[in-house]
Amino acid sequence: MENNQGIGLFEKYLTIWVTLCIIVGIAVGQWLPLIPQTLSKFEYANVSIPVAILIWLMIYPMMLKVDFQSVKNVGRRPKGIMITCVTNWLIKPFTMFGIAYIFFYVIFKTFIPAGLAEEYLAGAVLLGAAPCTAMVFVWSYLTKGDAAYTLVQVAVNDLIILVAFAPIVAVLLGVGGVSVPWDTLLLSVVLFVVLPLVAGVITRIMVVRRKGVTYFNNVFVKKFDNYTIGGLLLTLIILFSFQGKTILSNPQHIVLIAVPLVLQTILIFFVAYGWARWWKLPHNVAAPAGMIGASNFFELAVAVAISLFGLQSGAALATVVGVLVEVPVMLMLVRIANNTRSWFSEGHR
């Protein structure tokens, strides 16, 4: 995938859009309660059908961008892939659990009731077990990363999500004392990972055969950008229409949730980035490796949190706070990566 642009208007000001969605959603919940009450009636196996449709609008376009043909190039430069896989799947979920547990159960114990602490921990775990996909291309571009290699990292990551996401979430939530309905968790993975991924791969193959790769990357995929944005914003408004009472009664909880999420993001970036420096990888591989671990596939985390715990849950709120802090923190890390380019060689490994 070629990246011809840096961060777009929507992505750059994502925190502002999310804040506006919080305000609109709370207003809808307070003054138009019939809307969330009506939407709550359309559920199947604890999955909100209207929200599921909106989330598909977010996730399907992202899956279109993943070219699994690139996986065949993994063996050529394995070190960067190894850093990505180990950081994302053997380190990140567990440090997220540990940091969130310490803050929600110990440091913030006075401010967060036990029941909510469990739900916030669950939301944090869902974020920690869902490393980023689509936005990594933006971070890679902004750090002058190797676009082809970033594509390989994302493709491998998505393959691992298929098999590792559900077991890791179930194990960590079990350790944290949070009850996880396995059937709903597996349904969520199928609904929000497997099916859009399969649909994306089939669409990609069909369009590339008919129109070519250039048309697919430069024209076809971009047609879905507005759907992704619209799906995300509408999902957040619906979510906050259900979250209004929780937020109005505990407005400081947004900040309390944000603290461990921000610390985790910074920690994981430096784990992968520092490891890449230690292994003497080039900067254009090291920077995306740090970014893919630091950022989250928050669309998936939001979807699964809603499916498992409901639109009104603390888990769903925690995943949305992840959306709120994502862009400003990642832009800070982009700046750090660009300012430390001299730490790395320019060779290829």
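Residues numbered from 1 in each chain as written. Predicted model: local features only at pLDDT ≥ 70, side-chain atom pairs only at ≥ 80, totals over all residues. Heavy atoms only, no water.

**Regarding the overall build of the protein chain**
Logical step 1: Scanning the protein chain for helices and strands turns up 15 helices and two strands.
Logical step 2: Sequence separation of at least 24 residues holds for 87% of the intrachain contacts in the protein chain that already meet a minimum separation of 6.
Logical step 3: Total accessible area on the protein chain stands at roughly 14600 Å², and carbon and sulfur atoms take up 67% of it. (Helix = DSSP H or I, 4+ residues; strand = E, 2+ residues; numbered from the N terminus. Contact = heavy atoms within 4.5 Å. Areas by Shrake-Rupley, 256 points an atom, 1.4 Å probe, with all protein chains shown as cover.)

**Some thoughts on the nonpolar core**
Logical step 1: Membership of the largest hydrophobic core comes to 105 residues, with the highest contact counts inside it found for F104, F165 and L300.
Logical step 2: Ranked by residues supplied to this core, first place goes to helix α15 (residues 314-339) with 15 residues.
Logical step 3: With near-sequence residues (within four places) excluded, L300 lies in contact with I59, A130, I161, F165, F192 and V193.
Logical step 4: Y60, L64, V207 and V221 belong to the second largest nonpolar core, which has seven residues in total. (Core = buried A, V, L, I, M, F, W, Y, C linked by side-chain atoms within 4.5 Å. Buried < 20%, exposed > 50% of the residue type's maximum accessible area, 1.4 Å probe, protein only.)

**Details of the environment of T15**
Logical step 1: Mapped onto the fold, T15 is located in helix α2 (residues 14-31).
Logical step 2: Judged by relative accessible area, T15 falls into the partly exposed class, the value being 25%.
Logical step 3: For the pair T15 and V327, spaced 312 residues apart in sequence, the C-alpha separation works out to 6.8 Å.
Logical step 4: Ignoring any residue separated from it by four or fewer positions in sequence, one finds T15 in contact with L324 and P328.

**Notes on the packing of helix α6 (residues 114-128) against α15**
Logical step 1: The N-to-C vectors of α6 and α15 enclose an angle of 45 degrees; their axes lie 7 Å apart at closest approach. The angle between the axes of α6 and α15 places the two elements in the oblique class. As α6 runs across α15, the sense of the crossing is right-handed. Facing α6, whose interface residues are L116, E119, Y120, A122, G123, A124, L126 and L127, α15 presents G314, A315, L317, A318, T319 and G322.
Logical step 2: A class-by-class count of the residues in the contact of α6 with α15 yields nine nonpolar, four polar and one charged. (Axes fitted to C-alpha atoms, helices over the stretch in contact; angles between N-to-C directions. Parallel < 35°, antiparallel > 145°, perpendicular 65-115°, else oblique. Left-handed = near helix turned anticlockwise from the far one by under 90°. Nonpolar A, V, L, I, M, F, W, Y, C, P; charged D, E, K, R; others polar.)

**Here we look at the packing of aromatic side chains**
Logical step 1: Under the criterion given, the structure shown has 14 aromatic pairs.
Logical step 2: Measuring from centroid to centroid gives 5.3 Å for W275 and W279, while their planes differ by 65 degrees, and the two rings are edge-to-face.
Logical step 3: Here the aromatic residues W56, Y60, F216, F220 and F224 are joined through ring pairs into a cluster of three or more.
Logical step 4: The ring of W279 carries K79 above its face, with NZ or CZ at 5.6 Å from the centroid.
Logical step 5: Stacked on the ring of W343, the Lys or Arg R277 has its end atom at 4.7 Å from the ring centre. (Phe/Tyr/Trp six-rings, centres within 6.5 Å; stacked < 30°, edge-to-face > 60°. Lys NZ or Arg CZ within 6 Å of the ring centre and 35° of its normal.)

**Observations concerning the confidence of the model for the protein chain**
Logical step 1: A residue-level look at the protein chain finds 87% of positions with pLDDT of 70 or above and a mean pLDDT of 82.
Logical step 2: Across residues 1-5, confidence stays below pLDDT 50; counting only partners more than four residues off in sequence or on other chains, it has eleven contacts. (pLDDT = per-residue confidence, 0-100.)

**As for the packing of α6 against helix α8 (residues 147-175)**
Logical step 1: Contact pair α6 / α8: the axes reach a minimum separation of 10 Å and the direction vectors enclose 150 degrees. Taken as axis vectors, α6 and α8 run roughly antiparallel relative to one another. Pair α6 / α8 crosses with right-handed handedness. Contacts between α6 and α8 pair A122, V125 and L126 from the former with F165, V169, L172 and L173 from the latter.

**Let's talk about the environment of P282**
Logical step 1: Mapped onto the elements, P282 comes out in the loop between α12 (253-278) and α13 (283-294).
Logical step 2: Look at P282 and you get buried, because its relative accessible area is 1%.
Logical step 3: For the pair P282 and W343, spaced 61 residues apart in sequence, the C-alpha separation works out to 9.3 Å.

**What to know about the side chain of T340**
Logical step 1: Its location among the elements puts T340 in the segment after α15.
Logical step 2: A distance of 2.6 Å separates a polar atom in the side chain of T340 from a polar atom in the side chain of Y273. (Polar contact = N/O pair within 3.5 Å; in protein donor to acceptor, adjacent residues only side chain to side chain.)

**Some remarks on helix α14 (residues 298-309)**
Logical step 1: The first and last C-alpha atoms of α14 sit 16 Å apart over twelve residues, in line with the 16 Å expected at 1.5 Å per residue.
Logical step 2: When you tally the buried positions in α14, you get eleven out of twelve residues, the bulk of the element.
Logical step 3: By the burial criterion, the buried members of α14 are F298, E299, L300, A301, V302, A303, V304, A305, I306, S307 and L308.
Logical step 4: At the C-terminal side of α14, G310 shows a positive phi close to 100 degrees. (Expected span 1.5 Å × (residues − 1).)

**Regarding unusual backbone geometry**
Logical step 1: The phi dihedral of K144 is positive, around 55 degrees, even though this residue is not glycine.
Logical step 2: Mapped onto the secondary structure, K144 falls in the loop between α7 (134-142) and α8.
Logical step 3: Despite not being glycine, K280 has its phi angle at roughly 60 degrees, a positive value.
Logical step 4: Here K280 lies in the loop between α12 and α13.

**Some thoughts on a nonpolar patch on the surface**
Logical step 1: A cluster of nonpolar side chains, namely Y13, I16, L20 and I23, defines an oily patch on the protein surface of about 370 Å² accessible area.
Logical step 2: Relative to the helices and strands, I23 is located in helix α2.
Logical step 3: Among the residues examined, I23 registers a relative accessible area of 54% and is labelled exposed. (Patch = residues over 30% accessible without salt bridge, like charges linked within 9 Å, V, L, I, M, F, W, Y side chains within 5 Å. Salt bridge = Lys/Arg side-chain N within 4 Å of Asp/Glu carboxyl O.)

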